[in-house]
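Spelled out, the chains give:
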Amino acid sequence: MTEQEPTGGYPGAELAQLLATWLPHQRWYPAGPQARLTAGTWREIGASPRVAIHIVHLCAPGTDVALHIPLVLLPGVSPALGGPHQGAPLDPSAVIGALTIHGREWTVIDGAAHPAGWAALLRLTTWYAGATPAPDLAGARPLGVEQSNSSVLLPHVAGGALLKILRTIAPGPHPDIEVPRALAGQGWAGVPRPLGEITVPWEDGDPPGRTAPIAILSAFVSGADDGFDVAKEYAGRGESFAESARDLGRTVARMHAALRRSFGATEPPERKWWLADLRRRASDTIIATPALAGRAEAITAFLDRIDATIGPELPARQRIHGDLHLGQTLRTPRDWLILDFEGEPLRPVAERTRPDLALRDVAGMLRSLDYAAALGSALRSGSSTSRQSDTPPVHTAQLPTAADWAAQAGAGFLAGYREGASADPVGSASTGAVLAALVFDKVVYEVAYEAHHRPDWIHIPLGALDQLTG
């Protein structure tokens, strides 16, 4: 990436210092305070107030990515909360700091949190056929629900839109643009309707096709709830989630069928090497995670049983979601919707879009149901009588355990997945063992993740691991 000189001058080193202090406190920032930041593209896209697209290169151990940071520069050092459009007050955490440029003082704001930033991005949008944009930002507000990106609700744009501002970017097609458009093109209604995208040249002087997506617009779905929150509330009330999970299973199976129609299928992975990779990942995680040290023998025995049960040929590979869990779903009064097809943004796009076993998505959803069960049950304490239904309250002693709730929900999900698939995808002992292996793979990853990031939660995957391997 190269630096483009903007009107008014690029702030340079002083801005880099501000960002180095501000970035580590952002939920979407993928590194620690010791990471090295290198200025990249600076492109001004608004004049009153000044708005710029700033792309910086981030280098840290295990991380080498480009970050997109839209910026709003307001004159003076005390920005008025709110901005030039009516809406929610500006979050103070969006204030990056003060700069002096050519003797004039400016306050730098995260453009993802400011209406001037949203308006400037909307002016760059390429709208898809059928979208009817309008520039009305009344009622627009940021949504604080994502870890990897920043989203803004635009209730009066294109009939109600969600602006997803990408934070980690790369040149070329973006999975969360490519996949929903392909699925919608198949007539599959399980994704919010794609409305448009915003791309910028990756480097000055590049051919027109070499661009990087920096934001995505999709239809806002009113009356929908986050799937994980819904499941957790069910678990907290001790209410069966099996039927809702069954509906979700059908939706996921139909998503996989639409993905096969859109992107095709490819040959199965080689059994020998697939199992070898499974063992290698488990072994590496055992070495790096003390909580697994005493479970090495049970893990080896489990993998031996899997090896003996899986047939000579694995299922075919295809395009999958890749990071499917309840938090990537919306529950509407009528059905389920699937979101966020970008996968792990720190991984290369080619790796995130590589064909894989569809059962990996199934395993991810089963693990998410287990987390919903554990966290929902933990919230129960004294609240089991505050039910939002006509069913009489159930005494705590009568409520299912977290393990029973998760087992019932998981069985419902698998039943729905079978119903939605063209053939029974988990009916044989061999494919059942493949699914168990993928659940195991996910659980081992979760143990390592929780050990490093949320040690208070490590009992959730450890309990699942002991149940699998016991």
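Just so it is clear, the structure is predicted and the values come from calculations on it, not from any experiment. (Residues numbered from 1 in each chain as written. Predicted model: local features only at pLDDT ≥ 70, side-chain atom pairs only at ≥ 80, totals over all residues. Heavy atoms only, no water.)

A. The pairing of strand β11 (residues 194–201), seen in detail. Within β11, six of the eight residues are buried, leaving the element largely enclosed by the surrounding structure. Alignment of strand β6 (residues 126–127) against β11, held across two bridges, turns out to be antiparallel. Looking at β11, one finds that W127 is bridged to G196. Where β11 meets strand β12 (residues 211–219), seven bridges bridge the pair, whose relative direction is antiparallel. Its bridge partner being in β12, G196 is matched across the sheet by L217. (Buried < 20%, exposed > 50% of the residue type's maximum accessible area, 1.4 Å probe, protein only. Helix = DSSP H or I, 4+ residues; strand = E, 2+ residues; numbered from the N terminus. Pairing = 2+ DSSP bridges.)

B. Quick look at the packing of aromatic side chains. Taken as a whole and judged by the stated rule, the model has eight aromatic pairs. Aromatic pair W22 and W28: ring centres 6.1 Å apart, planes at 65°, arrangement edge-to-face. Both residues of the pair, W22 and W28, count as buried. Taken together, the ring pairs connect Y234, F241, W336 and W405 into an aromatic cluster. Above the ring of F263, the side-chain terminus of R319 is found at 4.6 Å from the ring centroid. (Phe/Tyr/Trp six-rings, centres within 6.5 Å; stacked < 30°, edge-to-face > 60°. Lys NZ or Arg CZ within 6 Å of the ring centre and 35° of its normal.)

C. Just the side chain of H256, in detail. Looking at the secondary structure, you find H256 in helix α5 (residues 242–263). Side-chain polar atoms of H256 contact the side chain of Y417, separated by 2.6 Å. (Polar contact = N/O pair within 3.5 Å; in protein donor to acceptor, adjacent residues only side chain to side chain.)

D. Seen up close, the environment of Q408. In this fold, Q408 is placed in helix α10 (residues 402–420). Judged by its relative accessible area of 40%, Q408 falls in the partly exposed class. For the pair Q408 and A245, spaced 163 residues apart in the sequence, the C-alpha separation amounts to 9.2 Å. With near-sequence residues (within four places) excluded, Q408 lies in contact with S240 and A242. (Contact = heavy atoms within 4.5 Å.)

E. Structural view of the pattern of salt bridges. Applying the stated rule across the entire model yields 26 salt bridges. Between K164 and E342 there is a salt bridge, and its shortest N-O distance comes to 3.5 Å. Of the two residues, K164 sits in strand β9 (residues 161–165) while E342 sits in the loop between β17 (336–338) and α8 (349–352), which places them 178 residues apart along the sequence. By the burial criterion, K164 is buried, and E342 matches it. Residue E419 pairs with R250 through a salt bridge whose shortest N-O separation is 2.4 Å. With E419 in helix α10 and R250 in helix α5, this pair connects stretches of sequence that are 169 residues apart. Connected via shared salt-bridge partners are R246, D247, R250, R331 and E419. (Salt bridge = Lys/Arg side-chain N within 4 Å of Asp/Glu carboxyl O.)

F. How the structure looks around the sheet that holds β17. The antiparallel open sheet is built from three strands, whose spatial order is β13-β16-β17. This sheet does not close on itself; its edge strands, each paired only once, are β13 (225–226) and β17. Where β13 meets strand β16 (residues 329–331), two bridges bridge the pair, whose relative direction is antiparallel. Opposite D226, over in β16, you have L330 as the bridge partner. The sheet contacts of α5 involve β16 and β17, and relative to β17 the element is tilted by about 40°. (Axes fitted to C-alpha atoms, helices over the stretch in contact; angles between N-to-C directions.)

G. Molecular detail of the side chain of R331. One can find R331 in strand β16. The buried category is assigned to R331, whose relative accessible area is 17%. At a separation of 3.5 Å, a polar atom in the side chain of R331 contacts the side chain of D247. Those residues in contact with R331, other than ones at most four positions away along the chain, are G223, A224, D225, V230, S244, D247 and W336.

H. Geometry of the sheet that holds strand β18 (residues 356–357). Here three strands make up an open sheet; going across it, the order is β14-β15-β18 and the pairing antiparallel. Because the sheet does not close on itself, it has two edges, and the strands there are β14 (265–266) and β18. Taken together, the two bridges between β14 and strand β15 (residues 317–318) define a ladder with antiparallel strand orientation. Note on β15: the bridge partner recorded for T266 is R317.

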